[in-house]
Amino acid sequence: MSKNNLCQPVLVSACLLGLPTRYDGKAKRSQAVIDYLQREKLMPVPVCPEQLAGMTTPRAKTAFHSGDGHDVVHGVGSVVSEIGQPMNDVFRRGAQLALQVARLCGCQRALLKERSPSCGVHRIYRGNEQVPGAGVTAALLIEAGIEIISEEDL
Ligand code: SF4
């Protein structure tokens, strides 16, 4: 097979592929994502940064208390669970592990779930309010030079 026929690997939020990785134990399977991957001949590399970090499923819902993912990466913003637990360290660990997977698999792009505190690309929740901003994993991937898009960009 020539190199041109090889599928390019792309990191994908596992819940978009139908894996039940969300905080509530559900998936967010997106047919648009699956069609896009097939049409573009991309090889999905599923990751859930929150599971990679060792969090259970189901788990407490988490939202930003201040800042966004870039701020958390740089130690100034904060993510807090709905039971009041500070989550910065575990979310940063999940982001670092997702970046390691991307590098190990040669992913230069990532397709991520919008509005998640880890994976959100353009929007996140701060408390109960939707605001512009990136999740912690999305921010770290951007800062590492990985191109990211959300399922809502397709
Ligand atoms: S962390 Fe990302 S992959 Fe995991 S459930 Fe949330 S949105 Fe999906």
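Fair warning: this is a prediction, and the values are worked out from it, not measured in the lab.

Account for the overall build of the protein, naming residues and giving values.
A tally of regular secondary structure across the protein gives five helices and eight strands. Reading the protein from its N terminus to its C terminus gives the helix and strand order β-α-β-α-β-α-β-α-β-β-β-α-β. Scaling as 2.2 N^0.38, a compact globule of 154 residues should have a C-alpha radius of gyration of about 15 Å, and the protein matches this with 15 Å. Projected onto its principal axes, the C-alpha positions of the protein cover 55 × 30 × 25 Å. Here the protein holds 154 residues, and 45% of them are scored as buried. Taking contacts inside the protein between residues at least 6 apart in sequence as the whole, the part at least 24 apart equals 63%. Carbon together with sulfur atoms contributes 51% to the accessible area of the protein, which is approximately 8100 Å² in total. For the protein, the centre of its 17 positive side-chain charges and the centre of its 15 negative side-chain charges are spaced 5 Å apart.

Describe the pattern of salt bridges, naming the residues involved and giving the relevant values.
Throughout the structure, instances matching the rule amount to five salt bridges. In this structure, the salt-bridge partner of Asp 89 is Arg 92, at a minimum N-O distance of 2.9 Å. Placement of both Asp 89 and Arg 92 in helix α4 (residues 88-105) is noted, with a separation of three residues, approximately one turn of the helix. Asp 89 sits in the exposed class, given a relative accessible area of 54%. On the accessibility criterion, Arg 92 (22% relative accessible area) is partly exposed.

With reference to specific residues and values, describe the site of the ligand.
As a matter of local geometry, the ligand sits amid 14 residues, with Cys 15, Thr 21, Cys 48, Glu 50 and Cys 119 nearest to it. Classifying every residue of the shell around the ligand gives six nonpolar, four polar and four charged.

Can you break down the environment of Ser 30 residue by residue, with the values?
In this structure, Ser 30 sits in the loop between β1 (8-13) and α1 (31-39). The buried category is assigned to Ser 30, whose relative accessible area is 12%. For Ser 30 and Ile 83, which are 53 residues apart along the polypeptide, the C-alpha to C-alpha distance reads 29 Å. Within the structure, the side chain of Ser 30 is placed 3.0 Å from the backbone nitrogen of Val 33, a separation counted as a polar contact.

About the criteria used
- Residues numbered from 1 in each chain as written.
- Predicted model: local features only at pLDDT ≥ 70, side-chain atom pairs only at ≥ 80, totals over all residues.
- Heavy atoms only, no water.
- Helix = DSSP H or I, 4+ residues; strand = E, 2+ residues; numbered from the N terminus.
- Rg over C-alpha atoms; globule rule 2.2 N^0.38 Å.
- Buried < 20%, exposed > 50% of the residue type's maximum accessible area, 1.4 Å probe, protein only.
- Contact = heavy atoms within 4.5 Å.
- Areas by Shrake-Rupley, 256 points an atom, 1.4 Å probe, with all protein chains shown as cover.
- Lys, Arg positive; Asp, Glu negative; His and termini not counted.
- Charge placed at Lys NZ, Arg CZ, Asp CG, Glu CD.
- Salt bridge = Lys/Arg side-chain N within 4 Å of Asp/Glu carboxyl O.
- Near = heavy atom within 4 Å.
- Nonpolar A, V, L, I, M, F, W, Y, C, P; charged D, E, K, R; others polar.
- Polar contact = N/O pair within 3.5 Å; in protein donor to acceptor, adjacent residues only side chain to side chain.

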